[in-house]
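Here's the letter readout for the chains.
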Amino acid sequence: MVAAALKRFHGLLLCLAIAAPAWGQVERTEFRAMGTRIEIIVRDDDPAVRRAALDEARHRFERYGRDWYAWRDDSELARVNRALAGGRSAPASSALIELLHEARTLWCRSGGRFNPAIGGLVELWGFHRPPPYEGPLPDESAIEHWLASDPDPAGLQLGDAVVASDNPAVRLDLGAIAKGAVIDRALAAMRATGLEHAMINAGGDLAVIGRADGRPWRAAIRHPEAGLLATIELAPGEALFTSGDYERFREAEDGRRLGHVLDPRTGRPARGAIQVSVIADSGTRADAAATALLVASADKWPEVAASLEVVHVLRMSTAKGLQMDERLAARLERLDPSLATRLRPLPATPPRECR
Ligand code: AMP
Ligand code: MG
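Because the structure is predicted, anything quoted here is derived from the model rather than measured. (Residues numbered from 1 in each chain as written. Chains lettered and ligands numbered in written order. Predicted model: local features only at pLDDT ≥ 70, side-chain atom pairs only at ≥ 80, totals over all residues. Heavy atoms only, no water.)

Draft legend 1. Summary view of helix α7 (residues 178–192). Along its 15 residues, α7 runs 21 Å from first to last C-alpha, staying within 8% of the 21 Å computed at 1.5 Å per residue. A large share of α7 lies buried, amounting to 11 of its 15 residues. For α7, the set of buried residues is Ala-178, Lys-179, Gly-180, Ala-181, Val-182, Ile-183, Arg-185, Ala-186, Leu-187, Ala-189 and Met-190. (Helix = DSSP H or I, 4+ residues; strand = E, 2+ residues; numbered from the N terminus. Expected span 1.5 Å × (residues − 1). Buried < 20%, exposed > 50% of the residue type's maximum accessible area, 1.4 Å probe, protein only.)

Have a look at this one:
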């Protein structure tokens, strides 16, 4: 009898032993980079794979977080910007050139709402520095001058290892896309170590590969006035990015909120929406799209989303409240049903022709 009980007990142990590795061991790390808190969770049975993957990811955040930040004098991007401002070409790494190619395509597909050449305007509004944002608002004439100088990435010449521009007013600021791009690079580097399951969360913007355990990774979409708007299960390879006018802002004399996302067509803070969240199969595209759709107007945003090839968009504005594509609505959990307007599927218009 004892033997039979032991056999059952062993059988149970064996089941547990088989069950536990099936999901792999979880390891988590946290550090600060790109001005925010980065949390990485990996799952694998092999501690050497977990460690190598975490090291690779952290290395990408440290390297690209520094190289692609325009507002510290010793960064690669700042060096490129100084050369462009002086009408010179600048040597650049293949990693930066690849990102500039992606940024230029997304600029074109967004109809200019996402503009990586916006650095001069960001500086005029004082958003190149961390808060608090005090001091005078920019002069009308300075804004008009920036608009007239027409900085955009159309005239960027991207060679094998060199960047040039035919417009010295181009000042690259990759702040609206860099976090997504770094997450993509970090996940690719983690995969190369043999890791299959991970989540990277950079201050609420995140992307995943594989699954959490037996189930998909689960993410929270925040509410603009704090708290939780909804949760969602993310499929392997998906990224969730949010842009909002409440993240970093200054106040106009009448108390109006002037957010750090600027409309490159008016030279002024975007007035399209309060918050936009986007899910896409690339962090880079989700990041740029969230910014572009914060700029896009109430009537144009579905078309802009289609051009950027994103269907999972959640847009909150003062005029229209919470709007989303019905395919996203079907996936959300814990959303107050009285809150949202479901739109029929966003238009399936093909993306703009962009090189
Ligand atoms: P995000 O939080 O991803 O929406 O990015 C906002 C940051 O991108 C700002 O702090 C600026 O540095 C920069 N930025 C602001 N407006 C734009 C825009 N329309 N297109 C591209 N970058 C922008
Ligand atoms: Mg963005």
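Still to come is the rest of the account.
Draft legend 2. Representation of the sheet that holds strand β5 (residues 162–165). Spatially, the three strands line up as an open sheet ordered β3-β5-β4, and their pairing is antiparallel. The open sheet is flanked by β3 (90–91) and β4 (156–158), the only strands paired with a single partner. In the sheet, β3 pairs with β5 via two bridges, with the strands oriented antiparallel. If you follow Pro-91 over to β5, its bridge partner there is Val-162. Sheet contacts for helix α4 (residues 94–109): β4 and β5; angle to β4, the most-contacted strand, approximately 135°. (Pairing = 2+ DSSP bridges. Contact = heavy atoms within 4.5 Å. Axes fitted to C-alpha atoms, helices over the stretch in contact; angles between N-to-C directions.)

Draft legend 3. Structural detail: unusual backbone geometry. With an omega of 10°, the peptide bond running from Pro-131 to Pro-132 counts as cis. With respect to the helices and strands, Pro-132 occurs in the loop between α5 (119–124) and α6 (140–149). You will see that Asp-150, though not glycine, has its phi angle at about 55°, which is positive. Tracing the chain through its elements places Asp-150 in the loop between α6 and β4.

Draft legend 4. Region of interest: the environment of Ile-221. Of note, Ile-221 is situated in strand β8 (residues 217–222). The class for Ile-221 is buried, based on a relative accessible area of 2%. Expressed as a C-alpha distance, the spacing of Ile-221 and Leu-332, which sit 111 residues apart in the sequence, is 9.4 Å. Look past the residues within four positions of Ile-221 in its chain and what remains in contact with it is Leu-228, Leu-229, Ala-230, Ile-232, Leu-240, Gln-275, Ser-277, Leu-314 and Leu-332.

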